[in-house]
Each structure stands twice: as structure tokens, then as C-alpha cells.
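# Architecture at a glance
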Amino acid sequence: MSQKILIIEDEKELADILGEYLKVEGFEVKICNDGQAGLDYFRKEQANLVLLDIMLPLMDGIAVCREIRSESDVPIIMVSAKSGEMDKVVSLGIGADDYVTKPFSPLELVARVKAQLRRYQGNAAKQNVPIKERICIGTLSLAPDSYEAYIEDTMLNLTTKEFEILLLFAKYPGQVFSKSQIYEQVWGYEGVCDDNSVTVYINRIREKLKKQGCTYIKTVWGAGYKLAIDA
Ligand code: CA
């Protein structure tokens, strides 16, 4: 079955050109011309990857990205008309996987689409490797085979990336990881190295732990983060 790319882009001509290039590569393509229509389509029909413009009618790409990311780990490539605008978006850490500034060559974009799909499928394959044992530290336990994390008996509602960061810490308790080490381990070398994203993810994990009364992730000033059990 061919993979489906959802293009959310209000410049119809650009969307059509991209669509044609992707179809030549064997992808199925769906084009939505505003943010709300794109989000509605994704919720109903899903897609293997989303190409998301930032300036869109009805709902902008940032809001669409946040909504999709709260529900799915689908690869998202953000597209922007201005590099300044893109800097702002990157610093928001909204969970996009890659960023492209217009004008770009359709071939470059197709290459990036393929890279993201490969990375995503690589992660999915890793998830299927059965690792039976659980990793337990204090009241925290992680099941790497099912991507589930618990504080005592309460399951933490973590996204895939949040789980992978926590798993990295849990495998090496007490070891300090810098933001760029976390980025390399969890996101790999593809895409934009984005320290801000790491901070955002760490904060989200901390909030979820805190709800269960845990403050296991410690900041080591000037060095990074580590997992340590409260005394
Ligand atoms: Ca636009």
C-alpha cells in the first residue's frame, strides 16, 4: 500500500506542484487548503507524513502542529515563507520533525519527506523488538517493549519521544546528559539540532512526573539533566 502524504498549504499552485512530485515517487497525496480542513482530514483519515505550511487561513500551522502532535507521532515537516518566521517556530518547540523555508526545490523536499519516513519506520521497527524486562528506579518503572511508563501503578501518559528521553535517563541513572546528547540519542542526527525542543520535552515529562509527586529529573547547571531518586 502506498504511503499517504497530507499537504496543508493555501498556495494552490505550490501544493499541486509538490503533489505531482510526490505522486511521481509513488506516494498518495491529499491536499487541504486551510488549517482546519487539514486537521479535520488528519483526524478522520490519518496520513504517513504531514507537510504543513505556517501561514494558513482559519487555523495557522503552529496550532495545527500542536493539535496533531498531541494526538500522533506522525512525521511533520513545517514549511514557511520567511526564515525569521521559521526561527520563531523552531524556538517554540511545537514538535515538528523538520523545517523547510520557501523557496525550496521540490526535489529537496521529496528527499526530506523520504528521510523522515525512513527515520519514523526505523523507530517503529525498534519498538517491535521484544525486551521483556522492566527498568525500575524508585517508584518509576518503564516497559521498553510497550513504551509504557508507570509511577507505582499509575501509567504516565507519555508520547513516544517523552518515553524515549525518560528511558535514556533510566538506563543510566545518575549520569548527566547534555541537551545535544539527548537530541542525538532520541532524534538521531537527521533534522535540525534543536536544544529548545529538548527543553520543552523535559519540561513536559517533569510535569507528568510531578502530577504523581515525583521530581526525578534534576537539572545539573551548565551540564544538562540526570535522573536521580529523591532521598
Ligand atoms: Ca501560506
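The structure reproduced in this document is the subject of the present report. Quick caveat, the model's predicted, so the values are computed rather than measured. (Residues numbered from 1 in each chain as written. Predicted model: local features only at pLDDT ≥ 70, side-chain atom pairs only at ≥ 80, totals over all residues. Heavy atoms only, no water.)

To continue, consider the coordination of the calcium ion. At the metal site, the calcium ion is ligated by Asp10 (OD), Asp53 (OD) and Met55 (O), and these contacts range over 2.1 to 2.4 Å. You can call Asp10 partly exposed: its relative accessible area is 31%. The class for Met55 is exposed, based on a relative accessible area of 53%. (Donors = N, O, S within 2.8 Å, 3.2 Å for Na, K, Ca; no water. Buried < 20%, exposed > 50% of the residue type's maximum accessible area, 1.4 Å probe, protein only.)

Turning next to the pattern of salt bridges. Any two side chains of opposite charge can pair, given that their charged atoms come close. A full pass over the atoms with the stated rule returns 14 salt bridges. Asp53 is the salt-bridge partner of Lys102, the closest N and O atoms lying 3.4 Å from each other. Of the two residues, Lys102 sits in the loop between strand 5 (98-101) and helix 5 (106-127) while Asp53 sits in strand 3 (residues 49-53), which places them 49 residues apart along the sequence. Pair check on accessibility: Lys102 and Asp53 agree, each one buried. (Salt bridge = Lys/Arg side-chain N within 4 Å of Asp/Glu carboxyl O. Helix = DSSP H or I, 4+ residues; strand = E, 2+ residues; numbered from the N terminus.)

Time to look at the side chain of Glu9. Inspection of the secondary structure assignment puts Glu9 in the loop between strand 1 (4-8) and helix 1 (12-24). At 3.4 Å, the side chain of Glu9 forms a polar contact with the side chain of Lys102. Dropping the residues within four chain positions of it, Glu9 is found in contact with Leu14, Ala15, Cys32, Asn33, Asp53, Leu56, Val79 and Lys102. (Polar contact = N/O pair within 3.5 Å; in protein donor to acceptor, adjacent residues only side chain to side chain. Contact = heavy atoms within 4.5 Å.)

Turning our attention to the sheet that holds strand 5. What the five strands build is an open sheet, ordered 2-1-3-4-5; its pairing is parallel. Only two strands of the sheet have a single neighbouring strand rather than two, namely strand 2 (28-32) and strand 5. Averaged over all pairs of adjacent strands, the angle between strand axes in this sheet comes to 20°, irrespective of strand direction. Judged from the four bridges that link them, strand 3 and strand 4 (residues 76-80) form a sheet pairing that is parallel. For Leu52, the partnering residue across the bridge sits in strand 4 and is Met78. (Pairing = 2+ DSSP bridges. Axes fitted to C-alpha atoms, helices over the stretch in contact; angles between N-to-C directions.)

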